[in-house]
Amino acid sequence: MRSLRKPSVIPGFGLSLGFAAFYASLIVFIPLAALFAKAFTLTWAQFWDTVLHPQALASYRLSLGAALIGASINLVFGFIVAWVLVRYNFFGKKIVDALVDLPFALPTAVAGIALTTLYAPQGWIGQWLTPLGIKVAYAPLGVVVALTFIGLPFVVRTVQPVLEELEKEIEEAAASLGANRWHTFRRILFPALLPALLTGFALSFARAVGEYGSVVFISGNMPFKTEITPLLIVTKLEQYNYAGAAALAVVLLVFSFILLLLINLLQHWSNKRAGG
Amino acid sequence: MLALTLGLSVSTVSLAQSEVKLLNVSYDPTRELYTEFNKAFADHWQKTEKQKVTISQSHGGSGKQARSVIDGLAADVVTLALAYDIDALYEEAKLIPENWQSRLPNNSAPYTSTIVLVVRKGNPKNIKDWDDLVKPGVQVITPNPKTSGGARWNYLAAWAFAKKKYGSDEKAREFVAQLYKNVPVLDSGARGSTTTFAQREIGDVFLSWENEAFLIEKEFGAGKFDIVVPSLSILAEPPVTVVDKNVEKNGTRKVAEAYLKFLYSKEGQEIAGKNFYRPRDPEVAAKYAKVFPQVELITIDAEFGGWQKAQKEHFNDGGVFDAIYKPGT
């Protein structure tokens, strides 16, 4: 108990813990508990029927798969964007920096319509891809594009501040000790950035799994092919089947929770390694 | 202090008498219709009852709007795309009595519409009727009937045509399955499909409510599309009702009922006609006969035994629509 009572800037450990618990319950736990309660108004047989239906299984594959791919793309390119924004000075940097946040601010339906306009067979980009046999809009690839778009800021904004903290001198020191570029990146930069990269990846993934607004415009919503799980949830709601909708939501939540937990563990491990 | 409280309560009472508020929760394409109608009704109410009425409108997908009301949106009246969504106000929350649809004339639908085929200028694929839609190489744009109330009318119209032409439910099922094989994109709502067809130029024919087809012409310019009226279609009846539980709480029953009744008046019917809904009133309908071509129309009740039955058989999970997309069929 002593260690918890270290003097801190914000007084009243008990009070602030109480507040934190209350706030978390209000914002997160209570709605989630209500969701679980609704899902389990179904009998077990009904629950499994709903969540293991072939159409539902196909939608998990697409939703989770596209979210993972999107988050991975963001991991690589988000890192590069963050790197450029921190390490280089160029004309218009402030504007590019502000642009990164746009996917946060844009209503998702607008994003979806804009992306579809670009990637549809007659669209600005689509017209060049179609002759090559690449179908983006109304295909699973379109889902990946939309999920990549909405997830980009998460990686950039988590990596950026950490990168800013990393002084250039460390790299210089590494170089003067004989490390080549690859070594410096792998041994010096990467371990320091890994926790931030993982956080960005996790946020980008979690955001993508639940995304509805932008995806329904670009995916085409064909059953078994381009139907994401949130769309199936909406079709259940259209039948006033609230419990069925909640059951699918529970599956998504559990999947996401497991993945986020794994990422957290990974982070913990990498922190410990970096610390030791 | 007492005098102040008294004064306050008196002033609220007198305010309540001089002004009343209504919330009409409607679906997407009625925005223009009700903007005009609300103004007309406010004038009418001011003249006859000497009371100011302020009407707010809310628009969105029909099913989503119904769920908002079930979850507590205090709508005084709802004006939705299909009876199934209003039925839910009774089924899920008992906000209205079971017999709500018999309380107003014409199944509580003061105006109607039907499903028409919108094709590209000059009708390059020569589409005349429903059976042209199943031909190979014809792409059909229609929203997903699982998420769009409007799209359910499209599906049922096609079904009714096939059943009449080929004589059995079995054949109708094959026809509809064939038709949906020609659908490259299932947008989640009618507005999404409109964009797909009109803006992205995908597809040869777009299944649309008649009133929306006219709106498309207005929005994207006449001369880009043609409207083809099929030999047989469905009578789309978007119904209206007072939400009893809410008007009792808000004390607005009288004005809410008058509001809906005014939809059936000459003036209300005229506004419906102007906004491309087919008026019920024979006199007003005659005036708009040039705009709305004659077409054989079947009804949900006669052909499909009502919305509850149609929904369960065709659109609920495990229904006929799902079977069309089962892998391996």
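In this numbering scheme, every chain counts its residues from 1 along its sequence in written order. Starting at A for chains and at 1 for ligands, labels are handed out in the order in which the entities are written. In keeping with the predicted nature of the model, local features appear solely for residues at pLDDT of at least 70, side-chain atom pairs appear and are counted solely at 80 or more, and the whole-chain, interface and lining totals rest on all residues. Side-chain metrics in this entry use all non-hydrogen atoms of the structure; hydrogen atoms and water are not considered.

**Topic: the pairing of strand β2 (residues 52-58) of chain B**
Residue and element names in this part refer to chain B. This is how the line gets drawn: At least two bridges found by DSSP between two strands is the condition for calling them paired. Helix and strand assignments come from DSSP, with helices taken as H or I runs of at least 4 residues and strands as E runs of at least 2, each series counted from the N terminus. For a crossover, the right-handed case is the one in which the path from the first strand over the helix to the second runs clockwise, viewed with the strands pointing away from the viewer.
Taken together, the seven bridges between strand β1 (residues 19-26) and β2 define a ladder with parallel strand orientation. Within β2, the position partnered with Leu 23 by the bridge is Ser 56. The handedness of the β1 to β2 crossover, carried by helix α2 (residues 31-49), is right-handed.

**Some thoughts on the packing of aromatic side chains**
Residues and elements named next belong to chain B. To be explicit about the condition: Within 6.5 Å between ring centres, the rings of Phe, Tyr and Trp (the latter by its six-membered ring) count as paired, and their orientation is classed by plane angle as stacked under 30 degrees, edge-to-face over 60, tilted in between. A 1.4 Å probe rolled over the protein chains alone gives each residue an accessible area, and that area as a share of the maximum for its type sets the label: buried under 20%, exposed over 50%, partly exposed in between. Placement of a positive charge over a ring is assigned whenever Lys NZ or Arg CZ falls within 6 Å of the ring centre and within 35 degrees of the normal to the ring plane.
Under the defined criterion, the tally for this structure stands at 38 aromatic pairs over all chains. Residues Tyr 155 and Trp 159 carry aromatic rings whose centres are separated by 6.2 Å and whose planes lie at 20° to one another, so their mutual orientation is stacked. Of this pair, Tyr 155 and Trp 159 are both found in helix α5 (residues 149-166), four residues apart, which corresponds to roughly one turn of the helix. Residues Tyr 155 and Trp 159 agree in their burial class; the two are buried. A ring pair is formed by Phe 197 and Phe 225, whose centres lie 5.6 Å apart and whose planes are at 35°; its orientation type is tilted. Remark: Phe 225 occurs in strand β7 (residues 225-228) and Phe 197 occurs in helix α7 (residues 190-199); sequence separation between them is 28 residues. Taken together, the ring pairs connect Tyr 34, Phe 37, Phe 41, Trp 45, Tyr 259 and Phe 262 into an aromatic cluster. Sitting over the face of the ring of Phe 315, Arg 152 holds its NZ or CZ atom 6.0 Å from the ring centroid.

**Some thoughts on the interface of chain A and chain B**
We count it as follows: Working rule for contacts: check all heavy atoms of both residues, and any pair within 4.5 Å makes them a contact. Buried surface area refers to the total accessible area, computed with a probe of radius 1.4 Å, that the two partners give up upon joining, counted for both partners together. Salt bridges are defined by distance alone: a side-chain nitrogen of Lys or Arg within 4 Å of a carboxyl oxygen of Asp or Glu.
Between chain A and chain B, the contact holds 26 residues from the first and 33 residues from the second. Carbon and sulfur atoms supply 52% of the area buried between chain A and chain B, which totals about 2,400 Å² over both sides. If you sort the residues of chain A by the area they bury against chain B, A:Glu238, A:Gln239 and A:Tyr240 come out on top, with a joint share of 31%. At the junction of chain A and chain B, the tally comes to three salt bridges.

**Brief notes about the packing of α7(B) against helix α8 (residues 210-220) of chain B**
Residues and elements named next belong to chain B. The condition is simple: Where helices are involved, their axes are fitted lines through C-alpha atoms of the stretch in contact, as for all axes, and angles between N-to-C directions lie from 0 to 180°. Any angle from 65 to 115 degrees is called roughly perpendicular, while one under 35 is roughly parallel, one over 145 is roughly antiparallel, and all others are oblique. A clockwise turn of the near helix away from the far one marks a right-handed crossing, whereas an anticlockwise turn of less than a right angle marks a left-handed crossing.
α8 packs onto α7 with a crossing angle of 50° between their chain directions and a minimal axis gap of 12 Å. The angle between α7 and α8 falls in the class oblique. Viewed along their axes, α7 and α8 form a crossing whose handedness is right-handed. On α8, the residues touching Ala 190, Arg 191, Thr 194, Ala 198 and Gln 199 of α7 are Glu 212, Leu 215, Ile 216 and Phe 220.

**Looking at the confidence of the model for chain B**
Test applied: Note on scores: pLDDT gives the predictor's confidence for each residue, bounded by 0 and 100.
In this model, chain B carries a mean pLDDT of 92, and residues with pLDDT of at least 70 account for 94%. Ignoring residues within four places in sequence, the model shows residues 1-16 of chain B, a span with pLDDT below 50, making one contact including any to other chains.

**What to know about the domain arrangement of chain B**
Residues and elements named next belong to chain B. The following threshold applies: Where each domain starts and ends comes from a domain assignment, either automatic or drawn from a database. Polar contacts, as used here, are pairs of N or O atoms within 3.5 Å; protein pairs need one atom able to donate a hydrogen and one able to accept it. Residues neighboring in sequence count only if both atoms are side-chain atoms.
Taken domain by domain, chain B consists of domain 1 (2-109 + 237-264) and domain 2 (113-236 + 294-324). Facing the 13 residues of domain 1 at the interface are 15 residues of domain 2. The junction of domain 1 with domain 2 conceals about 1,200 Å² of combined surface from both sides, 58% of it contributed by carbon and sulfur atoms. Between the two partners, domain 1 and domain 2, sit zero salt bridges. On inspection of domain 1 and its partner domain 2, the count reaches three residue pairs in polar contact (both at pLDDT 80 or more).

**So, unusual backbone geometry**
Non-glycine residue A:Tyr138 carries a positive phi angle of around 65°. By the secondary structure assignment, A:Tyr138 is in the loop between α7 (126-129) and α8 (140-165). Given a relative accessible area of 8%, A:Tyr138 falls into the buried group. For B:Asn107, which is not a glycine, the phi torsion comes out positive at approximately 55°. Structurally, B:Asn107 can be placed in the loop between α4 (83-93) and β4 (111-120). Judged by its relative accessible area of 31%, B:Asn107 falls in the partly exposed class.

**Concerning a negative patch on the surface**
Residue and element names in this part refer to chain A. Note the threshold: In this analysis, a patch consists of residues with relative accessible area above 30% that form no salt bridge, clustered at 9 Å for like charges and at 5 Å for the nonpolar side chains Val, Leu, Ile, Met, Phe, Trp and Tyr. Computed with the Shrake-Rupley method and a 1.4 Å probe, the accessible areas treat only the protein chains shown as cover for residues. Note on charges: Lys and Arg go in the positive column, Asp and Glu in the negative column, and His and the chain ends are not counted at all. By convention, charge coordinates are those of NZ in Lys, CZ in Arg, CG in Asp, or CD in Glu.
A cluster of like negative charges, contributed by Glu 164, Glu 165, Glu 167, Glu 169 and Glu 172, occupies part of the molecular surface. Topologically, Glu 165 is positioned in helix α8. Residue classification places Glu 165 among the exposed positions, given a relative accessible area of 63%.

**Details of the packing of helix α3 (residues 62-70) of chain B against α4(B)**
All names here are of chain B. The criterion, for reference: Here the nonpolar group is Ala, Val, Leu, Ile, Met, Phe, Trp, Tyr, Cys and Pro; Asp, Glu, Lys and Arg are the charged ones; every other residue, Gly included, is treated as polar.
Interhelical geometry of α3 versus α4 gives an angle of 30° and a closest axis separation of 9 Å. Judged on the interaxial angle alone, α4 and α3 are roughly parallel. Every pair of crossing elements has a handedness; the one defined by α3 and α4 is right-handed. The residues of α4 that touch α3, namely those facing Ser 62, Gly 63, Ala 66, Val 69 and Ile 70, are Asp 85, Ala 88, Leu 89, Glu 92 and Ala 93. Class assignment for the residues of the contact of α3 with α4 results in six nonpolar, two polar and two charged.

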